[in-house]
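Fold and geometry: a report
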Amino acid sequence: MSEGLGHEGDAVELKAEELRLVAIRRRATQLAVALVTEPFSADTHEQLRSYVEQDADEAQVLVREVLALPPARLRERIAEPIRSKTVHGEVTV
């Protein structure tokens, strides 16, 4: 990832790395739920093994890249999707 993460013009588009990080985060959350609700199931065991083998190392690299962004750029990047939805009337209070 580079400091140029993100979008051009008005549209907010997640880069491939950002989408991958979101997918890994979702998978980790699902795994955490499985570890609490079904810690001894064979399926949970397989999910854990798969996460460690396929996602864990990549997630660490992607997170370090995101955290390496200058603080102002990181705050701006986090706020972009929220601001975009508000401007386009998609967020309701």
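Residues numbered from 1 in each chain as written. Predicted model: local features only at pLDDT ≥ 70, side-chain atom pairs only at ≥ 80, totals over all residues. Heavy atoms only, no water.

So, on to the overall build of the protein. Within the protein, the regular secondary structure consists of three helices and zero strands. Starting at the N terminus, the α and β elements of the protein follow one another as α-α-α. Out of the 93 residues in the protein, the part that is buried amounts to 24%. Long-range contacts, defined here as pairs at least 24 residues apart, represent 58% of the contacts in the protein between residues at least 6 apart. Approximately 6900 Å² of the protein is accessible, and the part contributed by carbon and sulfur atoms is 58%. (Helix = DSSP H or I, 4+ residues; strand = E, 2+ residues; numbered from the N terminus. Buried < 20%, exposed > 50% of the residue type's maximum accessible area, 1.4 Å probe, protein only. Contact = heavy atoms within 4.5 Å. Areas by Shrake-Rupley, 256 points an atom, 1.4 Å probe, with all protein chains shown as cover.)

What follows is about the pattern of salt bridges. In this structure the tally under the stated criterion is four salt bridges. The closest approach of N and O atoms between arginine 20 and aspartate 55, which form a salt bridge, is 2.5 Å. Within this pair, whereas arginine 20 is found in helix H1 (residues 16-37), its partner aspartate 55 is found in helix H2 (residues 42-67), the two being separated by 35 residues in sequence. Taking the shortest distance from any N to any O, the salt bridge between aspartate 55 and arginine 27 comes out at 2.6 Å. Remark: arginine 27 occurs in helix H1 and aspartate 55 occurs in helix H2; sequence separation between them is 28 residues. Owing to a relative accessible area of 1%, aspartate 55 belongs among the buried residues under this scheme. Taking relative accessible area as the criterion, arginine 27 reaches 27% and is therefore assigned partly exposed. (Salt bridge = Lys/Arg side-chain N within 4 Å of Asp/Glu carboxyl O.)

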